[in-house]
Amino acid sequence: MDVIWDSRDVILKSFWLTVQLLVISGVASMVVGTFLVTARVSPIPVVRGVGVTYVSIFRNIPLLMVFVLVVEGAPRIGLMADVPFLLKGCIALTIYTSAFVCEALRAGVNSVSLGQAEAARSIGLTFRQSMGQVILPQATRAALPPLTSVFIALAKNTSVAAGFGLVEATARFKSVKKFVPGEADTLVLFAVIALGYIIIVEVMSFGSNRLERRWRLAR
Amino acid sequence: MNNVLFDAPGPKARLRQRIYTVIGALVIVGFLAWLVLRMQDYGQLDYEQYWEVFVTPTYVDIIVQGLRDTLLMAVSSIIAALAVGVVFGVGKLSEHAWIRWPCWAVVEFFRAIPVLLLMLFIYFTYGIGDGFGSYWSVVIALTLYNGAVLAEVFRAGLLAVPNGQSEAGYAIGLGKTQVTMIVLLPQAVKIMLPAIISQMVVALKDTSLGYVITAPGLTDAYRLIKIEFTNQLPAAIVIGAIYIVVNLILTWIATMVQKRIVGEKKQLEVPAVGGPGSGTAV
């Protein structure tokens, strides 16, 4: 127990790294995911094809392989050789997560009923107006629950960085465990770090629930 | 949806679209060409040094063996997870609070923590040394995580069966256990099938995490090959492509099952911490 209590500083610090990974790649995935979803509904077939291909590649490849490609593969062709580990981790997480963000947003757009678009057209709104004032506001609200799932998954996925030079919370479990004597203490250490993740996840889903209640659509 | 949002394109718009098509295609081709040229510059296209290994029988065997281990780990953990899922999914619907609450806690716990943390904990506490080794550490970790997710799938599946079904069961004098086992579960399984197959994609992707504890599988094949040939990029591309193909096949099977067996019904949606189906989790 003493070892774990003495390591509270490094454990907290490692969770700070986890939160950094989560926030940076979360924001970046939102941006890239929005571009992707725009590509996927675009009227240009080539652009649509790019969106579809991207999503089906990165939804079906394990995150670990994305990390391998970014951290071990890219430097072999002189890309990202001097980039710090934190940034590499964020890039890998963003590449992977934005495919799921794209799908969540697309589900949101699809959930707006067709009648809304027809009504917007029939009162003479242009494409831009009907998109900006009728469809997208509702789509964003409808996309909130799937987006929350994506970001909660991202919070847990930051743990994969443990295998690639970043000592975030999961990697810290491994390094502190070395100094923990017995099985009972390992269990405590595991519970402490698990609790950290649970807090992060619960805060996120609590926030999303509040927003969801405030944003609830009249259907 | 698109055609509702804007008019059918006139001659001007069609010309514009055609121009954008060409520009888009050029950008894509340019990007791919840049990548290939870059690989060429850094000598990554050197066939004998970097790529020949993927047609060398010994190493093809290693990759095939890795694929087999990966599939085996995924299948066995999903089968075990189904058992865990039934127990806890039904448990969460129990009338007795002392069954319902522990089941709820277990399910929430294993859904909220990263699989990798669980895997490392199991491996370094029970797997290492005289323990059961890295292979079973992966399988056990995946069983617990996917079991928790599938418990939610089962719960949602049981609740999705129309009320009249269980009412009819009670009306002819069945007990609650009988109604669940004879009436609800068989019908729920039908609705759940696509979600279960999608969960296989998640499990298959998660087996790759065994890399961190040197468990067998495709990622271990990657490790062996890259150590010997220092061909990180080509090896990652090849192994990554194998994962994608296998998962696309699984997704295709899930869609077929949805069409053939489940019918027009909406796919089961599970409000998940960490996300259901279609590979939201790692």
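Please read these numbers as outputs of a predicted model, since none were measured by experiment. (Residues numbered from 1 in each chain as written. Chains lettered and ligands numbered in written order. Predicted model: local features only at pLDDT ≥ 70, side-chain atom pairs only at ≥ 80, totals over all residues. Heavy atoms only, no water.)

**Section: the confidence of the model for chain A**
In plain terms, the rule: What pLDDT reports is the predictor's confidence in each residue, on a scale of 0 through 100. The helix and strand labels rest on DSSP assignments: H or I over at least four residues marks a helix, E over at least two residues marks a strand, and numbering proceeds from the N terminus.
In the predicted model, chain A carries a mean pLDDT of 90, and 99% of its residues have values of at least 70. The least confident element of chain A is helix H1 (residues 2-6) of chain A, whose mean pLDDT is 84; the most confident is helix H4 (residues 63-73) of chain A, at 95.

**Examining the UniProt feature "domain: ABC transmembrane type-1" (unreviewed entry) in chain B**
Rules: UniProt positions are given in the numbering used here, feature names are shortened, and annotations may be inferred rather than shown by experiment.
Here, UniProt's "domain: ABC transmembrane type-1" (unreviewed entry) annotation points to residues 67-254 of chain B. Secondary structure content for residues 67-254 of chain B is 84% helix and 0% strand, while the C-alpha to C-alpha distance between its ends is 20 Å.

**A short note on the side chain of Arg-40 of chain A**
Formally: Here a polar contact means two N or O atoms within 3.5 Å. Within protein one must be a hydrogen donor candidate and the other an acceptor candidate, and residues neighboring in sequence count only if both atoms are side-chain atoms.
Tracing the chain through its elements places Arg-40 of chain A in helix H2 (residues 8-40). Side-chain polar atoms of Arg-40 of chain A contact the side chain of Glu-103 of chain A, separated by 2.7 Å.

**Examining the pattern of salt bridges**
Residue and element names in this part refer to chain B. Heads up, the rule is: We count a salt bridge whenever a side-chain nitrogen from Lys or Arg sits within 4 Å of a carboxyl oxygen from Asp or Glu. Partly exposed describes any residue whose relative accessible area lies between the buried limit of under 20% and the exposed limit of over 50%, with all areas from a 1.4 Å probe on protein chains only and scaled to the type maximum.
What the rule picks out here adds up to ten salt bridges over all chains. Between Glu-108 and Arg-111 there is a salt bridge, with the nearest N and O atoms lying 3.1 Å from each other. Of the two residues, Glu-108 and Arg-111 are both situated in helix H5 (residues 97-112); the distance of three residues between them amounts to about one turn of the helix. Take Glu-108 and Arg-111: they sit in the same class, and that class is buried. A salt bridge links Glu-152 to Arg-155, with the nearest nitrogen and oxygen atoms 3.3 Å apart. Here Glu-152 pairs with Arg-155, and both are found in helix H7 (residues 133-160), just three residues apart, close to one helical turn. Assessed through its relative accessible area of 23%, Arg-155 is described here as partly exposed. Counted as one network, the salt bridges with shared partners bring together Lys-92, Glu-108, Arg-111, Glu-152 and Arg-155.

**Observations regarding H4 of chain A**
Let me state the cut-off plainly: When checking whether two residues touch, look at their non-hydrogen atoms; a contact exists if any pair is within 4.5 Å.
For H4 of chain A, a buried count of ten out of eleven residues is recorded, marking the element as mostly surrounded by other parts of the structure. By the burial criterion, the buried members of H4 of chain A are Leu-63, Leu-64, Met-65, Val-66, Phe-67, Val-68, Val-70, Val-71, Glu-72 and Gly-73 of chain A. Buried-residue contacts for H4 of chain A involve helix H3 (45-60), helix H5 (85-111) and helix H7 (127-157) of chain A together with helix H10 (218-229) and helix H11 (232-262) of chain B.

**Some details on a nonpolar patch on the surface**
To keep it simple, the criterion reads: Nonpolar side chains (Val, Leu, Ile, Met, Phe, Trp, Tyr) within 5 Å and like charges within 9 Å form the patches, drawn only from residues with over 30% relative accessible area and no salt bridge. What sets the accessible areas is the Shrake-Rupley method with a 1.4 Å probe; for residues, cover comes only from the shown protein chains.
Taken together, the side chains of Val-50 of chain A together with Leu-15, Ile-19, Tyr-20, Ile-23, Val-27, Ile-28, Phe-31, Leu-32 and Trp-34 of chain B define a hydrophobic patch exposed on the protein surface, amounting to about 920 Å² of accessible area. Assignment of secondary structure puts Ile-23 of chain B in helix H2 (residues 11-41).

**Here's the deal with the UniProt feature "transmembrane region" (unreviewed entry) in chain B**
All names here are of chain B. UniProt annotation of "transmembrane region" (unreviewed entry) refers to residues 19-37, 71-91, 103-126, 132-154, 191-213 and 233-257 when read in the numbering used here. Regarding residues 19-37, the helix share stands at 100% and the strand share at 0%, and the terminal C-alpha atoms are separated by 26 Å. For the annotated span residues 191-213, helix accounts for 70% and strand for 0% of the residues, and the straight-line distance between the end C-alpha atoms is 36 Å.

**A few points about the environment of Phe-15 of chain A**
Residue and element names in this part refer to chain A. Checked against the element boundaries, Phe-15 lands in helix H2. Separated by 60 residues in sequence, Phe-15 and Pro-75 have C-alpha atoms that sit 28 Å apart. Discounting residues that sit within four places of it in the chain, Phe-15 has contacts with Ala-169, Ile-193, Gly-196, Tyr-197 and Ile-200.

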